[in-house]
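Close look at the chain arrangement
The primary structure of each chain is shown beneath.
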Amino acid sequence: FLDELATLHHKSWEARGEAGVFESPDFRRFHERLIRGAPAGSGLVQLLRLRTPGETIGLAYNIVHGGTVYFYQSGLKLPADAKEKPGLCLHLLAMNLHMKRGQRRYDFMASDARYKRSLSNMEQTLVWTTLQRRTPVLLAETAAVSLVRRARQLQAQHFPQAGPKAAPPAEAGEGESG
């Protein structure tokens with residue numbers, strides 16, 4: 001299923017003049033290992049396929065955990081008619097399947113796509129975390145950000161009435177450099 005999903009995903013992105021995520025060999029290997037490594041029968045990693053007679057029109061790649069289905073990625077056949085919506089059909093059928101299985105939530109995760117707004121009944125704040133190796137540049141950047149944040153806190157604490165002030169007009173020949 002992953003090969004088929006990656007092929008359809010690639011064709012969708014290629015039609016937009018971009019590369020899909022499965023074009024990266026490292027990305028692809030990571031997901032192959034994740035899928036193979038999931039405990040058999042756990043349902044933790046799920047690949048769903050939607051077929052019409054003779055052809056696959058969509059695949060969904062989900063992570064299922066704690067009563068929630070996390071929609072991760074899809075591959076969809078490009079429809080000949082814009083009125084055809086294989087992605088909407090795939091998600092509606094997946095939601096129905098999961099409701100019958102007792103999952104409480106179907107989470108579309110990140111991005112603000114139209115199909116997600118049309119199928120969702122709630123919105124939650126998404127928090128991003130970035131992990132980086134501790135390098136001298138990262139440590140300097142982190143220290144600078146902390147100093148600026150602390151300076152703003154002190155300013156607000158000791159000078160609450162002081163708001164942002166406009167910069168004085170520049171003299172002829174002066175200006176900002178980047």
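Right above here is the structure, for reference.
Quick summary incoming for the structure in this document. All values derive from a computational prediction rather than experimental measurement. (Residues numbered from 1 in each chain as written. Predicted model: local features only at pLDDT ≥ 70, side-chain atom pairs only at ≥ 80, totals over all residues. Heavy atoms only, no water.)

Observations concerning the overall build of the protein
Along the protein, the regular secondary structure elements total 5 helices and 4 strands. Tracing the protein from N to C terminus, the helices and strands come up as α-α-β-β-β-α-β-α-α. Expressed as a percentage of the 178 residues in the protein, the buried residues total 25%. Sequence separation of at least 24 residues holds for 51% of the intrachain contacts in the protein that already meet a minimum separation of 6. When the accessible surface of the protein is summed, it comes to about 13600 Å², and 55% of that surface belongs to carbon and sulfur atoms. (Helix = DSSP H or I, 4+ residues; strand = E, 2+ residues; numbered from the N terminus. Buried < 20%, exposed > 50% of the residue type's maximum accessible area, 1.4 Å probe, protein only. Contact = heavy atoms within 4.5 Å. Areas by Shrake-Rupley, 256 points an atom, 1.4 Å probe, with all protein chains shown as cover.)

Regarding the sheet that holds strand E4 (residues 105-107)
One key point about sheets: their strands pair by backbone hydrogen bonds, in either a parallel or an antiparallel sense. Pairing is mixed across the open sheet formed by 4 strands, whose spatial order is E1-E2-E3-E4. Two strands in the sheet have a free side with no partner beyond their single neighbour: strand E1 (45-52) and E4. Across this sheet, the average inter-strand angle for adjacent strands is 30 degrees, counted without regard to direction. Taken together, the 3 bridges between strand E3 (residues 68-76) and E4 define a ladder with parallel strand orientation. Paired with Tyr 70 across the two strands is Asp 107, which belongs to E4. In this fold helix H1 (residues 2-15) packs onto E1, strand E2 (55-65) and E3, with an angle of close to 65 degrees to the strand it touches most, E3. (Pairing = 2+ DSSP bridges. Axes fitted to C-alpha atoms, helices over the stretch in contact; angles between N-to-C directions.)

What to know about the nonpolar core
By size, the foremost hydrophobic cluster in this structure holds 13 residues, and its most contacted members are Phe 71, Met 95, Tyr 106 and Phe 108. Taken together, the elements giving at least two residues each to this core come down to E1, E2, E3 and helix H3 (86-101). For Tyr 106, the residues in contact, after removing those within four places along its chain, are Asn 62, Val 69, Phe 71, His 91, Ala 94, Met 95 and His 98. In terms of nonpolar packing, the next biggest core, distinct from the first, is built from 10 residues, Leu 2, Leu 8, Phe 22 and Leu 59 among them. (Core = buried A, V, L, I, M, F, W, Y, C linked by side-chain atoms within 4.5 Å.)

What to know about the pattern of salt bridges
Considering all chains together, one arrives at 7 salt bridges under this definition. For Arg 29, the salt bridge identified is with Asp 26, shortest N-O distance 2.4 Å. Of the two residues, Arg 29 and Asp 26 both sit in helix H2 (residues 25-37), 3 residues apart, roughly one turn of that helix. A relative accessible area of 53% means that Asp 26 is categorised as exposed. Between Glu 55 and Lys 77 there is a salt bridge whose closest N-O contact spans 3.8 Å. Here Lys 77 lies in the loop between E3 and H3 and Glu 55 lies in strand E2, a separation of 22 residues in the sequence. On the accessibility criterion, Glu 55 (33% relative accessible area) is partly exposed. Each of Asp 3, Arg 28, Glu 32 and Arg 36 takes part in a single network of salt bridges with overlapping partners. (Salt bridge = Lys/Arg side-chain N within 4 Å of Asp/Glu carboxyl O.)

A closer look at the packing of aromatic side chains
Counting across every chain of the model gives 2 aromatic pairs. Centre to centre, the rings of Phe 22 and Phe 27 are 5.2 Å apart; their planes meet at 75 degrees, and the pair counts as edge-to-face. Summarising the aromatic geometry, the rings of Tyr 61 and Tyr 72 are spaced 5.2 Å apart at their centres and angled 75 degrees between planes, so their arrangement reads as edge-to-face. With Tyr 61 in strand E2 and Tyr 72 in strand E3, this residue pair connects regions lying 11 residues apart in the sequence. Lying across the ring of Trp 13, Arg 16 places its NZ or CZ 4.2 Å from the centre. (Phe/Tyr/Trp six-rings, centres within 6.5 Å; stacked < 30°, edge-to-face > 60°. Lys NZ or Arg CZ within 6 Å of the ring centre and 35° of its normal.)

Brief notes about the pairing of E2
Every regular strand shows the same layout, with side chains that alternate between the two sheet faces. Summarising burial for E2: 8 of the 11 residues are buried, a large majority. Of the strand pairs in this sheet, E1 and E2 are connected by 8 bridges, and their pairing is antiparallel. By the bridge assignment, Val 45 is partnered in E2 with Ile 63. Counting the residues that bridge the hairpin from E1 to E2 gives 2 residues, and of these Gly 54 lies at a positive phi of roughly 95 degrees. Relative to E3, E2 runs antiparallel, the two being bridged by 8 bridges. Considered in E3, the bridge of Leu 59 is made with Gly 75. Between E2 and E3, which pair antiparallel and follow one another directly, the connecting turn spans 2 residues, one of which, Gly 66, has a positive phi of 55 degrees.

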